[in-house]
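# Observations on the three-dimensional arrangement
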Amino acid sequence: MIWTNWARTASATPARQVHPATEEELSAAVRRAVREGHTVRAVGAGHSFSAAAATDGVQVDLDRLNALHRVERDPGTGNALVTVGAGIRLHQLNRVLAERGLALQNLGDIDRQTIAGAVSTGTHGTGARFGSLASRVRALTVVGADGEVTRCSPTEHPDLFEASRLGLGTTGVLSTVTVEAVPAFDLRAQEDVQPVERVLDELDHLVDGADHFEFFWFPTARHVQTLTNTRVPARADTGAPAGAGHRVRRAATAVRAFVDDEVLSNAGLELANRTATAFPAVTPRLNAFAAQALRPRTYTAPSYEVLCNRRRVRFRETEYAVPRAVVVDVLREIDGWLRRTGENVPFPLEIRFAPAEDAWLSTAYGRETAYVAVQQYWRLPYGRYFDAAEQIFTAVGGRPHWGKMHTRDAAYLAGQYSRFEDFRRARAAADPDGVFTNPYTRRVFG
């Protein structure tokens, strides 16, 4: 069986793939793999652009470990500690939480990943006050190389907890994840098109003045698409029959959403990229048109419906976390390189923001952060573009996203994380024989 990730940037032929449905089955699968001399890697949805899940050993598919185990509420805050199987997909978890009047504090751009894969690779959203999924993890259970199950948290086996909540699964296979959820909330979403110079000049105001702000910049275009989301109380659903006027407005809103989210964002983007692939000379005009194709709109919906999108157009991506204070300079350098070289790039850059975090390997560890995602349509070459962007990122101490494409190794990364050696010690203590390694983890961790 050949395994391939979603982006088709990594593939492998595992010796065996297993699908445990219980923690006991997971433990037994790890023990058997070790007896037979195989390495072990967990796999979720395959949405990492890196080769984090690739293995020629035993690949553990977590999809059947997707149950809700318990919900422990704090009556004072309304928050809750929610323990789920590590293989639950984020879109499933969002529904489970919504049914209980809860939500995750922040989410990334897509919701197809497993919770284990999302936290282990540092998946993040945007918002200057709202951190990554790993920052909301409060406890884990980890199946180690001896098959034993260990519960860890900030007070129980704290080093194992820190190395496991964001560590590419190199301490063991996660079996459950406990996350802190908040009372459900809605977002008032404002989508707009603005001149790029205005956005760059007013960036601090735009980021700090919103709960969640991001923008998309099609290469060389002079306008960008901005997304500004404001948190508002969740609307109560009374169950009362909707009047005719309300039904008409709701139907009109659904049609508009379909046009914007499917026709323009997916079908239109696919068509534009295929055209740019066949006729590179038209790419600048296509990008200028695409940048302004989004019609401004404002709507309110549950948080997870606003934050997460369906991305049906296949692409490749590298993403770096850079100090927020230098992101405008970084973006101007990338724009300058694209203009000088005329590189054929019909896919937008995505720029998001995050607060400083304390997870040892969080790409936002210890500093306010801006994320710059550099993307390329999967049918077009990406090497020269990604290499140029990486040189710009690393010149300012950028940290590559653990689940995206990059060329950095342990020697570089050790200089970017003050707790890197602490992580390596905890990892070595948990897995001294390297059961949970692959070529990618050995490159980035040594």
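Refer to the structure above for everything that follows.
Now for a description of the structure that goes with this document. (Residues numbered from 1 in each chain as written. Predicted model: local features only at pLDDT ≥ 70, side-chain atom pairs only at ≥ 80, totals over all residues. Heavy atoms only, no water.)

## A look at the overall build of the chain
In plain terms, the rule: The secondary structure listing takes helices from DSSP runs of H or I that are at least 4 residues long and strands from runs of E that are at least 2 residues long, numbered from the N terminus. Atoms counted for the radius of gyration: C-alpha only. Globule rule: 2.2 Å times the number of residues to the power 0.38. Residue exposure (1.4 Å probe, protein chains only): buried if accessible area is under 20% of the type maximum, exposed if over 50%, otherwise partly exposed. Between two residues, a contact is recorded if the distance between any of their heavy atoms is within 4.5 Å. For the accessible areas, the method is Shrake-Rupley and the probe is 1.4 Å, while residue cover comes only from the protein chains on display.
A count of helical and extended segments in the chain gives 14 helices and 19 strands. Computed over its C-alpha atoms, the radius of gyration of the chain comes to 22 Å, within 12% of the 22 Å expected for a compact globule of 446 residues. Dimensions along the principal axes, computed over C-alpha positions, put the chain at roughly 60 × 60 × 40 Å. Residues counted as buried form 56% of the 446 residues belonging to the chain. For the chain, the share of sequence-separated contacts (at least 6 apart) that also reach a separation of at least 24 residues comes to 74%. Counting only carbon and sulfur atoms, one obtains 52% of the accessible surface of the chain, whose full area is about 18400 Å².

## Things to note about the nonpolar core
The cut-off we apply is this: Grouping buried Ala, Val, Leu, Ile, Met, Phe, Trp, Tyr and Cys residues that are joined through side-chain atoms within 4.5 Å yields what is termed a nonpolar core.
Residues I115 and W402 are the most contacted members of the largest nonpolar core, which totals 69 residues. Here this core gets six residues from one element, more than from any other, and that element is strand β11 (residues 173-183). What W402 contacts, discounting residues up to four positions off in sequence, is S50, T121, L166, L168, L361, T363, L413, Y417, Y440, V444 and F445.

## Some details on the packing of aromatic side chains
Threshold: By convention, a stacked pair of Phe, Tyr or Trp rings (six-membered ring in the case of Trp) has centres within 6.5 Å and planes under 30 degrees apart, an edge-to-face pair has planes over 60 apart, and any other such pair is tilted. Here, over-ring charges are defined by two tests on the NZ atom of lysine or the CZ atom of arginine: distance to the ring centre within 6 Å, and angle to the ring normal within 35 degrees.
Inspection of every chain in the model, using the stated rule, returns 14 aromatic pairs. Between W6 and F315 the ring centres are 5.6 Å apart and the planes differ by 75°, which places this aromatic pair in the edge-to-face class. Taken together, the residues W6 in the loop between β1 (3-4) and β2 (11-12) and F315 in strand β16 (residues 315-323) connect sequence positions 309 residues apart. By the ring-pair criterion, three or more aromatic residues cluster together here, those being W402, Y417, F420, F423 and F445. In this structure, R231 packs its charged tip against the face of F185, placed 3.9 Å from the ring centre. Directly above the aromatic system of W6 lies the positively charged group of R314, at a separation of 5.3 Å from the ring centroid.

## Focus: the pattern of salt bridges
Rules: In the sections that follow, a salt bridge refers to a side-chain nitrogen of Lys or Arg positioned within 4 Å of a carboxyl oxygen of Asp or Glu.
Inspection of every chain in the model, using the stated rule, returns 33 salt bridges. The salt bridge partner of R31 is E148, with a shortest N-O separation of 2.8 Å. Of this pair, R31 sits in helix α1 (residues 23-35) while E148 sits in the loop between β9 (137-143) and β10 (149-152), and the two are 117 residues apart along the sequence. Among the ionic pairs, D335 bridges to R339, the shortest N-O distance being 3.4 Å. With a gap of four residues between them, D335 and R339 both fall in helix α10 (residues 327-341), about one helical turn apart. Residue D335 is classed as buried on the basis of its relative accessible area, which comes to 11%. Within this structure, E197, D201, R222, R332, D335 and R339 form a network of salt bridges that share partners.

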